[in-house]
Each structure stands twice: as structure tokens, then as C-alpha cells.
Amino acid sequence: MKSQSQLSKGWLYLCIFSMLFVFVPQAKMIEAASVVTDGSEGMVGSRIPVGTTYTSTTYDPTFVPQNIGDGDWYSIWKVSSNTGRIQMNFPEAVNLKGVQVSTGGTGDRYETYTIRGLQNGYWRTIATRTFHVTASEYQALTPIAVQIGWYEGIDISVSSTRNWLLMSEVNLLPTTTSIAPTQLKATNNNEEVSLQWQPLANVDHYQIRYGTTSGHYTETITVSADTYTDVQIPNLTTGTAYYFTVAGVRNEVRTNYATEVLSMPVPGYNFPVNTGKSASSEFYRNPVENTMDRDIASTWKTQNNSKNATLSYLVGYPLYINELQFVITAPVESDITYKIYEEGEHSNTLIGQKTVHVQGSTSPIAIDSIPIEPDWYQLLKIEISSTAAPVVVNELLYKSDLSYITALQATPQNGQVHLTWDTVPAADQYRITYMKQYPDILLGQTITVNADTYQNYTVPGLDNNSVPYYFVVNAVVNGQNQNYSNIVHATPMSYATGDPVPKGTTVTSVGYYDNQRPEYTIDGDLSTYWIPNTGNHKSGTINYHFPKPVELDAIQLVSMLNVPGKQAFTIYGLQGNDWNLLYDGKIQAYFNPFGGVLAPIPVPAGNYEGIMILTETTTTWVTFQELLLFYSANPHSTVLTDTYSDITDPTVSTDTYSIH
């Protein structure tokens, strides 16, 4: 039974949070399908579409109007006048209900924003609002409501009582039915490009558009409503950069398009995820990790845009390599020389060298691959020198004559892990290596299995409910070891795993830290997390509101602690107007960056409109990863994401994504 002080503290948190939820829902209310611009505190909605053309009455040198749509909080449009106007013409019409502006700089002032919208070739005023601005730093202003409609562009006129103007970002707020798909990602995998995104509720299908110029799309593909992971894009030209976007379609009306992503079909294999990376220099926004992040669009560059730089890599386990494949960016014509070394304890050995000529392009370039002495390598050093362009690397891949295991998957079970992978036709047998320690996986246990077991092998005798196991597999052909697969992980569990919250669930929190936002706990990715901004990040409150009541038997928390220990949770369920206590206790949590799935917590069976969680730790920060649910209809199987009542038979929908 709780003490009086515990009850008082719990009800104080409850009252504060209830007032936040009821009276100021717009403050930090984020819908599961909305977009929040990274690095822009307080900005909601979506960025201005890529491909938009910008014009303005005037601007100070370097503070160009395009800066307000680049997603960078610190790049700005600035005018040395107390009035100014900026205009944006979108590549495709956008459905809007609001516009949000971020401003900055010192000076107590009043600023008036007049917004006009472009429809069918005509501009008309759709909103006017005046703000009293007192902040001396960058500030996201309250979103300005506009007349709801489809607009081909917007025009913002500003007047200020200060003698100069500044905007850092402009975001667009869509209507509920026009919210674009979120978390669009494009991945290159040995000359194939695949897309994935977070699904939208109640769409009839998705429309994918792409082309070779940013913001201008020449090809369209339609895929079904249950297709949103590993969507292969056919007939792409190797070495050509492509730009992709996607929209949902309901009743023949599309949503807004997702933020554009870039990829390129490039030959070669990805280096293992546990490869160590370092560089002679790096700009903090373009770290060396970007050279192996499987994202062609991200880059590494030096702190001072140097024409000479060095990269070093410690591969997690030996790889047999014949060639290295670079994807780079070089905006001006250059000759670039690459020298590849194997690092030794006392000296380095040159194993490959090549100079390539590039014409210059702002788009990524897949240069000719660089041959090296074929061998097994773990320590590589790469010296790069350019005659004109700064050194920039988008991605580094490798090529090999030896076979490489693909599609390795690990499925956790009770005290064991089930493995499958794609066959290597010439394999005599396979070797499975696994352990808890990371990244020294090759120091673990090894099992040799027959060549016909690739579709079904279970590793038994593993510990339950703690930290993940890591696995690699390599084939043996004619007695010779082939290259290792990438590392996969799985955490055996003695209990079932719940299902995602319903689509349309909203989540709020009493603050968050360093962009670790509350919506990350409903994004379907167990590796992302919310960190509270209260109690030195060791305590916080988070609230979930479902789009309609759901019938539950249990809830499941996903949380990790960098220092394993007990984590306290107090959980309430919203039924009608009452928050009813469901659980108050402590649960052992471990360090599991891929999802510390804790044991299910039974709750009184019934309909719930929301869940509120108060959590606290004593040893390390709260890193809460996900909320999962057990629906009363069938708590131990995957249910339809739009099912809120009993279903007669266990059903797996084609648009259901399971979480492991």
C-alpha cells in the first residue's frame, strides 16, 4: 500500500498533468502521424517541400530566403528593415490549416505577420496575426491558423517595431486528413533501393513519386495500403541519384507528400554496424559515422572544408575485401586521390591507390571502385586529397570475391533464438557465432550446422529477459571460410510481446530533453526513446490518449537503463472522467538499446481512453522506449491496428507490423 506522501506526490503529478492535457493540448500534443522538425525546439507540422522556389523583397548577404526551409534552426533569412516579404511557390499543392514561424534576436518588439495563399493562380489573404516577442533567443511562435485549403504557395509579409527582421524556419501545419507519411527512409543494398515509412490510417493506397532532380518527379508507382516496408523500386540506373517522396490516397484525394529523401543504387556491401570510425577532422553536423550509416544523403566533411583528410576504420570482425566503393560529393571539378592502408602495430602498408576525376556536382557521385590487395582486413586507413573540392564522403561500401550471408534474421523465443538466412548455393556448411558481449562477437560460442539448416535453426539454452544476444553467420565453401553476415540481435523472453498503440494515438509529456520526444514512444521503433526534462532526467510523466476507447487486458513497457537497476512506475488508466490506478511498483530494467521489453503488467479488463505513466530512477536517466498493449480480444497475437473491439478469430492483417 502506498504511503500518504507517495499518494500526495502521485496525485500532485496527476493533477498537474491532467490540467496540461485538458487545458493546453496544443502545447506539446503530438499525433503519431505528425512530423516534428529535428533541431527546431517547439516547431510542429512539416518542413516546406523540397523543390519550393523562394523569393523575397530583399535580404542581407548570405541570409538567403531558402534558409527558412532547410530544417536548420540556426540558418536564417534576415532583412535590415522593419518590413519585408518572403514568398514560397511549392512544387505540388499543399493542404494547410496553419503556418508556424520561428524568429530570433534581441529586442522587445511587436511583429505582425500577414499570410497570403496561392490558389488557381490568384493570391489572397488567409491570415493575419500580431505577436509580442520578448525572447532574446530563437523562438517558435504559436502556429497561425489559416483558411483551410489547398495552396500552390504562400507569401508572408512581416512588419516589426524593431528595425530589422529575422526568420529561422517556417513550418506548414496540415489538416488531419492531409498529414503526410512520416519517417520516410531510402536504403541502398547492393544496387537496390528500398523505401519504408510509417503507415497512415484508412488509406486506400500510397503514391510513390521519384526522379533524378530534387523536387521534380517524373515517375509514379502506386502500392497497396499494406505496403510500406521494404518497398523495392525497380529499373533504377546504377550510380544515379534519385529523389523520392510518398503520399497516401483516400477516396481519390491524396495527402500531402512526405519530406523528400535521396538514395542511389550502388554496388557493394555495407560494412558491419559495429565498425569503429574516426577521422582527422569532422564538422559536428557531418560526423564520420555518416560514411557507414546506409544513407546516401548524409555526409562526412571536415571542420574547415579541408582538401586533405584521413579516415580510419576498425571493422568489428575480419572482412575479405577486393575493392572499396566510395560515394562522394564534389561541387566543383576536381582530381581526388585515395590512398588505402592496412594499419599495423608499428607501420602501415599501402594496399591500394587511385586518382579519380570528377566533373563536379551538388548531387552524390559514385566514383569508380578502388582495387586493393585481396585479403582479410580489420584496420583500414584512408588518406584523401583533392585539387579543388573540399573532401566530402557520403558512403563507403566494400566488394568481395567471397560469398556474403544476406537476410539474416533473429527471432527471440523462450530461452532460445530462431535464425534464418538466405542460402549460399555452394555452401558445405554454416558457422553461427554468438555472444552477449558487443562488439567482440568472434570471441563468443560457435556452432557449425549443415548446409540445409539455413531456413530453420534454433540456438537453445539462452538467458531470458535481460540483455540482447548478438549473432553472425558465415558460409564454408570447399573448406574455406566466407565473409561474415552483418550482426543481428535478439533478446529471449519468457513472456509475450504486446502490440502497438492504435493509429491516431496522441502522446504528451511534461517536457523532454535534447529532442528525445514523447512521440518516439509510439513510433514502432524500440530503439528510439523519450528522455524527460524533469528531475535531472531521472523522473517524468508521459500521457497517451487513444482515438477511441480500447479494451485491454495488460500493458507492456519498453525501457532501458544504462546502469541496470530497478525502475519505478506508477500507471493510471483513463476511464470516463476518472484516472484509475493500475500499477505502482518497481521493475528490473537492463541496458538494451534495441528495446528493453519488460514483463506485461495485467490491468483490470475494460475499456480505456488513455494511459498515464509516472516513472523514476535513482541510478541513471529515464530512457523510455515504447508503450505496447495487450488487447482483450487476443492478447497473445498481433491484432489489426484499427481493431478496438472483439474479433472472432485471431487475425493477422496485411497492414500489421509486429514488434520484436
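Residues numbered from 1 in each chain as written. Predicted model: local features only at pLDDT ≥ 70, side-chain atom pairs only at ≥ 80, totals over all residues. Heavy atoms only, no water.

## Considering the pattern of salt bridges
- For the structure on display, the rule yields eight salt bridges.
- Here Asp155 ties to Arg85 by a salt bridge, and the two come within 2.9 Å at their closest N and O atoms. Taken together, the residues span a long stretch of sequence, with Asp155 in strand E9 (residues 144–160) and Arg85 in strand E5 (residues 83–103) at a distance of 70 residues.
- A residue is classified by how much of its surface remains accessible, and Asp155, at 0% relative accessible area, is buried.
- With a closest N to O distance of 3.5 Å, Arg116 and Asp155 form a salt bridge. Pair noted here: Arg116 is in strand E6 (residues 109–119) and Asp155 is in strand E9, with a separation of 39 residues, a long-range link.
- Overall, Arg116 belongs to the partly exposed group, its relative accessible area being 26%. (Salt bridge = Lys/Arg side-chain N within 4 Å of Asp/Glu carboxyl O. Helix = DSSP H or I, 4+ residues; strand = E, 2+ residues; numbered from the N terminus. Buried < 20%, exposed > 50% of the residue type's maximum accessible area, 1.4 Å probe, protein only.)

## Description of the packing of aromatic side chains
- Tallying each qualifying case throughout the model produces 18 aromatic pairs.
- Centre to centre, the rings of Tyr242 and Phe244 are 6.4 Å apart; their planes meet at 35°, and the pair counts as tilted. For the pair formed by Tyr242 and Phe244, the shared burial category is buried.
- Measuring from ring centre to ring centre gives 5.7 Å for Tyr269 and Tyr398, while their planes differ by 50°; the resulting arrangement is tilted. Taken as a pair, Tyr269 in strand E20 (residues 269–270) and Tyr398 in strand E28 (residues 392–399) lie far apart in primary sequence, 129 residues in all.
- Ring pairs connect the aromatic residues Tyr269, Phe271, Tyr398 and Tyr404, which therefore count as one cluster.
- The ring of Trp164 is capped by Arg162, whose NZ or CZ atom sits 3.6 Å from the centre of that ring. (Phe/Tyr/Trp six-rings, centres within 6.5 Å; stacked < 30°, edge-to-face > 60°. Lys NZ or Arg CZ within 6 Å of the ring centre and 35° of its normal.)

## Topic: the sheet that holds strand E12 (residues 182–188)
- Spatially, E12-E13-E16 is the arrangement adopted by the three strands of the open sheet, whose pairing is antiparallel. Each having just a single partner strand, E12 and strand E16 (231–232) make up the two edges of the open sheet. (Pairing = 2+ DSSP bridges.)

## Re unusual backbone geometry
- Positive phi is not limited to glycine here, since Thr62 has a value of about 75°.
- For Thr62, the location among the structural elements is in the loop between strand E3 (53–56) and strand E4 (77–79).
- Despite not being glycine, Ala407 shows a phi value in the positive range, around 60°.
- Note on placement: Ala407 falls in the loop between E28 and strand E29 (409–413).

## A few points about the side chain of Thr521
- One can find Thr521 in the loop between strand E37 (506–509) and strand E38 (539–560).
- Those residues within four positions of Thr521 in sequence are excluded, and the remaining contacts are Val507, Trp530, Ile542, Tyr544, Phe624, Gln625, Glu626 and Leu627. (Contact = heavy atoms within 4.5 Å.)

## Brief notes about the pairing of E12
- Both E12 and strand E13 (residues 193–198) contribute to a ladder of five bridges, which runs antiparallel. Residue pairing in the sheet places Thr187 in a bridge with Ser194 of E13.
- Linking E12 back to E13 in an antiparallel pair, the connection comprises four residues, with Asn190 at a positive phi of about 50°.

## Concerning the environment of Ser385
- Mapped onto the fold, Ser385 is located in strand E27 (residues 370–386).
- On the basis of relative accessibility, which here comes to 28%, the residue Ser385 falls in the partly exposed class.
- As a C-alpha pair, Ser385 and Asn308 span 77 residues in sequence and 4.4 Å in three-dimensional space.
- Leaving out residues up to four positions away in the same chain, Ser385 has contacts with Lys307, Asn308, Asp335, Ile336 and Thr337.

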